[in-house]
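Below are the chains, spelled out letter by letter.
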Amino acid sequence: MMMKKLLFALVFMLGSIGITQGQNYEFDNVERSGTGGIRALKDGNQVLGYISVVKLDNVSRKEKLYGVTILDENLQKTHYQEMVVDKRAYLVNQAFNQNSFCFAFMNYKKKTIDYVIYDLKLNEIGRLVAEDIHPSDLQNGSGNSGDDKLTLSNLKPVANKGYVRTGYVKAKGYKASVQMFDNSGELLWSQGTNYKGKMYEGADIHHVGEKMVISSVISKKSAFSSETKCFIVAHDINSGDEIYRIETIDSKHQMFPYDVSYNEKTNEFIVCGEYYKTGENIYKVKSQGFFIQSYEGKEGKLIKSSLINWNKDVAKKMPSKKKAGYKEMDVTIHKMVITENGKIYAIGEQFKKSISALGVASTVLSRGSGGGASSVQIEIHDLMAFEIDSMMELTAVHVFDKNVSKVLLPQGYGMVRGYLLANLLKMQGNFDHCYTAVSPDRQNFNAVYIDYDRENLFKGKYNIGVVGLNENNEVSSDLYELTTKPYSFYVCEAKPGYVAIVEYFKEDKKLSVRLEKSNIE
Amino acid sequence: MRSLFSFCTLILLWSCCFGQSAPKNYEPIRYTPIALETLESLRLAFEEHLATYSFETKKENKLATEFVTKLHESLSAQNERGSLSGDDPLSAYLQKIVDQMVSANSLKKDYFKVFLSVDDIPNAANYGEGVIVFNLGLLSRLNTEGEIAFILAHEMAHDIKDHVFNGIHKKVIALESKEYKKRVKEIEDLEYNQRAAALALQRTYLSEFNEHGRGNELEADSLGLVLMQKAGYFVEDALTAIDLLDHSDDMPVFQLDYPSYFNFRNFAFNEKWLEKKSTINLGGNLEQYATPDSLKTHPSCKARDASLRIIGNAADYQFDSSKQVSYYALRETAFAERISYYRSTGQFSLMLYYSIWHSQISPDNIFYTNSIGNALYGIYTAQYAHKFSMAVPFPNQKMEPEYAQLLRFFHKLNLTNLEQLYHAYVSERISPAGSDAYSDLLHALSDAIEMNQDPEGRQEIIANYEAKYGDSPYTTYIKNQFPEPKTKRKK
C-alpha cells in the first residue's frame, strides 16, 4: 500500500509546493500546522513579509531538513532554501535588518540558541551560538512536540548593522544582559546589571533606534519573592554602554511595564503597564490600574506620569451597558500606541477567574492527587481600547463584545492573580488579542483579535475583529466572519489596513495565508 | 514590445473588419453540461481502447485502468462544475473547423468531438477517442481562424497517433517494471534522506517521460500542419499560434486615463490614489529554482517554431480575409464570455481591466461599459464581505504595469470610496433604467445597495427585475447577490 502511495506521489507530485493565487499563498502537503506555521517578518513597526519553515525529511540521526520559504508583504514568494539543522532545533524567532536575515533556532538538547545569519539570497554568512538561555524559555519549548509553536521575542534587527538579543547568565540567580552581534555573528557588546548579589532577572527589548536600545528589566532577589523591581534601561547602540537605568516607581506605587513606545520625532518614550500600591503582593491582588509615563529619551528624565485607576477612572468612563460586572474583572494591557497627534491608545482585555465544573470533577475523580489542571478556570471577556489624550488623561473607554473563552489553569495557579496571571496567560497564548500594530506614519493602528466559541470548535462562527481609527479619527471596529471552514486558523500581523489570515485545512493538507483589507468606517 | 505589436495588429484588424458591427448588447451564453449518456459512452470507449493494449501482468492492467479512470474522472469533474460545454455557438464553431479538416483529410466522420472548457487557462487537450477540450482562455487569445485550426489540428494529430493511450501504456510498463519497484523499495527502506532519493528518482522518470512527451508534441505539430494545410489554412497561422502561446501570459497594453473612467460629479478622483509607495527590498533567490528543461512537458516555443518552419512551406502564404469575417463575430463572443467568466469566478480586477480595454476598442458597445460597472460592483461587494483578496490581487513586478497600477488604485480605496464610485458610475455612465437587461441590472443593484436596512425592499427590486426580464442569467445573478432572507419557523 505504502509502495503504491509513494509510486503515485512520485509520478504526480513534486513535494511541498507553494502557489500564489490572487492574494493567497498556499502550501501543499502540510502534515500539521500550529500557530507558527507562517510568521510575520518585521522591522520595527513595519511588516516586511512572511516566513514559513516546514520539516521536509530526516537527513541523519542528528539532523533534519527544513524547507524555508519567504514571502514579501504582498505574499509574493521571494526565497526558497533547504537547510539542514540539528534534529532538536526549532525556529523560535526571525528578523531582517535590510542587509541580512537572522533565524534563531533553539536547540533543546544542547540548550543553545543558534542565531544563523543569511545574506539576501539566503546563503549563510554568519552564526552566533548562544548558551545563555533563560531556563523558562527551555521549559516552555521542551514539552512542545510541534516544531512551529514557540516564539521568543528576544531578537530585534539593527538597521544594516546586525541584531540585538537578550541573554541570561547563571550566576547567583539569573542576570539578564542585552547583546548586539553583527551580520557575521560576531558579538559586538554585551551589557547587564553590575549587581553582584543574588538576583533573578527577566528582560525584554522594546525599541532599537539609531542611537540606543531600550529594554525593560524585572528583577527580584529570590525566585519566589513577591518583592519585585522594574527598570527601564537604555544602552548605547554602538558601545553597549548603559546610558541610564530608571526604576519605575513613585512614592506610593510600583509600576510594572508591559510596553515601551518610542516617538523618534519628539525623542520621547512612553512606558505603560499596571501599577500596584507599594508593598502589595503583585501575584495575589488585582492591580490598582494602569500607568502611562513619558520620558525624555536622551537622559531618561521623567516628563509626565499618569495613573489611571480601574475603579475610579476607568469605571466612570465605561459604557453604561458594560458597567455591570466590570468590577469583578481583571484587565490586562496588551499594547499601547502613540499616534502622530500625540494621542495614546491602550489596548486591553478583560478576564476573570471562575470555578470550572470540569476541573472540579477531575480533581474529585483524582482524589485531589492532581492531574495537571486546577479547578479554577479563566474566562477571557471583552476587548477594550482606552483613549488617552496628549495630556495623558483618560478620555474614553471603548468595549468590544466577544464570546467568552474559557481556559483551565494549570494546577498551582489557583491563587495567582494580577500581573503574574496575565503574563502566564499571555505566554500561553490564551488571550483573544492577537496583535496591535501601528502604521509606519503613526496615523492609525490596528488591534486584531479572534472571536470564536472554543468549546464548540467547527460548529460556531470564526470571527476576526479589528479595532482602529476611522476617517474621522474615532475608534471604530470591523468584524470578519470566516466563510471557510479550516481545521485551525490564526492571524498574523500585516501591512497597515490588512490582516493576514492563516488557515490550515487538515483534510487537504493545505496551509493557506491571505491578506484581507479591513473595513473600519 | 511584442505584446504591444500584437495589440496594435489586433486594433487594426478589429477596426478594419468589424469595428462597427460589434453587437451593442450581449447576453452571456448559458452553457449546457454534456449529457451523462455521452460521458458514459466515452467511459466505455476509453475502456475498449485500453483493451487494445496488452499488459503482461494483472497489476499493469489495474494501474492502466486507474490512469484511464482518472482521465475520464477529470472530464466528469469539469462537467459537474459546469465548465464543460458541447452545445453552444463557440464549441459549434470549433466543431465546424474540425469537421472541415476531417473532410479535407478523409478522416473518419463524426469521430472527433470538441468541447469548450469555460476556463481562462490558455490550453487545449486531447483525451483520446476523438475528444478535444478547448479552453475559452486559449480561444479568446487567438487572433485568426487559422490559428484555431492549428491548435485543433495539433490535438487531432495527438489522437490520430494515439499519444494519450500510448503514454499511459509506457508509464504503466515503466512504473510496474522490476527496476522501478526495486528503486522505490530502496527509497522506502531508507531511514534518512528519503525525500532527496525520491526526488532524484522522480526527476529521472519525469525527464524520460517528458522527453518522450516532447517528441510527441513535435510529431503532433508536424502532422497537425499537414491536416490544416489540406483544409486550406497556412503555415503562418501555425507560427503565429505558437508565438501567441509563447506570450499567452501577456496582458494587453493600453493607456488608462483614470479621470475619464473614475471621476464623477459625486466621486472626485484623487491623484494620490495612484502614488506608488516604496518598499524594502528583501532580495531573492528563486532564479536557481527555475524548472530545468528536462522536466518540462512541452518543447520550447522557439524549437516548435523552428521545426514548423522546416516542415511547412511559408512561401505561398496568402491571407484569406473571407475566412476571418465569420470568425470575428465569434471572437467577440469569446471575449465577452471571458469577461463573463471573470465575473462568475469573482476575478473582478481582470473583468474590469479587460472591459476597459474592449471599451476603448469598441466605445459604442454597451456590454463593455456595463461590464465595467459590474466589475466595480463586484469589487465593492468583495470588500464588503472581506473577500477583496479574491477580487483584487496585489500588484507585482511581473504584471503588466498598467494592470498593476489599476490594482494599486483599488487597494487605496476604502469601502465608502468603492460604494460611492459604483453609484457614481451607474448614475453617470450606464444607460437610463429601462434600456436593456444588463443596464437595468446595474441600476437594480445600485438601488439594492442603498436598501441595506430594508431586506423586503430589496426583494421587491429583485421581483420587479424578474417580472421584466424573466429567467435570464442576470436575474439569476441578482438573486444570488441578495438571497431571500430565511424566515424563522413559528413554534
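Cut-offs and rules
Residues numbered from 1 in each chain as written. Chains lettered and ligands numbered in written order. Predicted model: local features only at pLDDT ≥ 70, side-chain atom pairs only at ≥ 80, totals over all residues. Heavy atoms only, no water. Helix = DSSP H or I, 4+ residues; strand = E, 2+ residues; numbered from the N terminus. Buried < 20%, exposed > 50% of the residue type's maximum accessible area, 1.4 Å probe, protein only. Contact = heavy atoms within 4.5 Å. Areas by Shrake-Rupley, 256 points an atom, 1.4 Å probe, with all protein chains shown as cover. Polar contact = N/O pair within 3.5 Å; in protein donor to acceptor, adjacent residues only side chain to side chain. Phe/Tyr/Trp six-rings, centres within 6.5 Å; stacked < 30°, edge-to-face > 60°. Lys NZ or Arg CZ within 6 Å of the ring centre and 35° of its normal. Patch = residues over 30% accessible without salt bridge, like charges linked within 9 Å, V, L, I, M, F, W, Y side chains within 5 Å. Salt bridge = Lys/Arg side-chain N within 4 Å of Asp/Glu carboxyl O. Lys, Arg positive; Asp, Glu negative; His and termini not counted. Charge placed at Lys NZ, Arg CZ, Asp CG, Glu CD. pLDDT = per-residue confidence, 0-100. Expected span 1.5 Å × (residues − 1). Disulfide = S-S within 2.5 Å. Pairing = 2+ DSSP bridges.

1. Details of the overall build of chain A
Then, number 1: Secondary structure summary: chain A contains five helices and 34 strands in total.
Then, number 2: Residue burial in chain A is summarised as follows: out of 521 residues, 56% are buried.
Then, number 3: Across chain A, every contact between residues at least 6 apart in sequence was considered, and the portion connecting residues at least 24 apart equals 51%.
Then, number 4: With the model as given, the accessible surface of chain A reaches about 22500 Å², and the carbon-plus-sulfur share is 49%.

2. Some thoughts on the side chain of His334 of chain A
All names here are of chain A.
Then, number 1: Residue placement: His334 occurs in strand β23 (residues 330-338).
Then, number 2: Looking at His334, the relative accessible area reads 14%, which means it is buried.
Then, number 3: At 2.8 Å, the side chain of His334 forms a polar contact with the side chain of Glu349.
Then, number 4: The residues touching His334, leaving out its near neighbours within four places in the chain, are Ile347, Gly348, Glu349, Lys426, Phe431 and His433.

3. Concerning the packing of aromatic side chains
Residue and element names in this part refer to chain B.
Then, number 1: Following the criterion strictly, the structure yields 52 aromatic pairs over all chains and no others.
Then, number 2: Taking 4.6 Å as the distance between ring centres and 15° as the angle between the ring planes, the aromatic pair formed by Tyr438 and Tyr474 counts as stacked. Taken together, the positions of Tyr438 in helix α19 (residues 437-450) and Tyr474 in helix α21 (residues 473-481) put the pair 36 residues apart, joining distant regions of the chain.
Then, number 3: Using a relative accessible area of 2% as the deciding quantity, one classes Tyr474 as buried.
Then, number 4: Residue placement shows Arg338 over the ring face of Tyr354; its charged tip is 4.3 Å from the ring centre.

4. Notes on a positive patch on the surface
Residue and element names in this part refer to chain A.
Then, number 1: A surface patch of like charges, here positive, comprises Arg61, Lys62, Arg88 and Lys109.
Then, number 2: Looking at the element boundaries, Lys62 is found in the loop between β4 (46-58) and β5 (63-72).
Then, number 3: Look at Lys62 and you get exposed, because its relative accessible area is 54%.

5. A few points about the environment of Lys59 of chain B
Residues and elements named next belong to chain B.
Then, number 1: By the element assignment, Lys59 lies in helix α3 (residues 58-80).
Then, number 2: For Lys59, a relative accessible area of 56% gives the class exposed.
Then, number 3: Discounting residues that sit within four places of it in the chain, Lys59 has contacts with Glu176 and Lys181.

6. A short note on the confidence of the model for chain A
Residue and element names in this part refer to chain A.
Then, number 1: Residue-level pLDDT values for chain A average 85, and 87% of them are 70 or greater.
Then, number 2: Per-element averaging of pLDDT across chain A places helix α1 (residues 2-12) at the bottom with 40 and strand β26 (residues 394-400) at the top with 97.
Then, number 3: For residues 1-21, every residue scores under 50 in pLDDT, and the model assigns this stretch 47 contacts once sequence neighbours within four places are set aside.
Then, number 4: Within the model, pLDDT remains below 50 along residues 142-149, and this stretch shows 18 contacts once partners closer than five positions in the same chain are excluded.

7. Notes on helix α15 (residues 366-384) of chain B
Residues and elements named next belong to chain B.
Then, number 1: An ideal rise of 1.5 Å per residue puts 27 Å on 19 residues; α15 measures up with 27 Å between its terminal C-alpha atoms.
Then, number 2: Within α15, 16 of the 19 residues are buried, leaving the element largely enclosed by the surrounding structure.
Then, number 3: Between the side-chain oxygen at the start of α15 and the backbone nitrogen of Phe367 there is a gap of 2.9 Å, and the oxygen is on Asn365.
Then, number 4: Residue His386 follows α15 closely and has a positive phi angle near 55°.

8. Quick word on the state of the cysteines
All names here are of chain A.
Then, number 1: Counted by the stated rule, this structure contains zero disulfides over all chains.
Then, number 2: Distance from the sulfur of Cys230, which forms no disulfide, to the nearest cysteine sulfur (Cys272) is 13 Å.
Then, number 3: Among the residues examined, Cys230 registers a relative accessible area of 3% and is labelled buried.
Then, number 4: Note on Cys492: no disulfide assigned, nearest cysteine sulfur contributed by Cys434 at a separation of 9.4 Å.

9. Some points on the pairing of strand β16 (residues 212-220) of chain A
Residue and element names in this part refer to chain A.
Then, number 1: Among the nine residues in β16, eight count as buried, and that is most of the element.
Then, number 2: Pairing of strand β15 (residues 199-208) with β16, which is carried by eight bridges, proceeds in the antiparallel orientation. Among the inter-strand pairings, His207 is bridged to a residue of β16, identified as Ile214.
Then, number 3: As defined by bridge partners, β16 adjoins strand β17 (residues 228-236) across nine bridges and the pair is classed as antiparallel. Following the sheet pairing, Ile214 is matched in β17 by Ala234.

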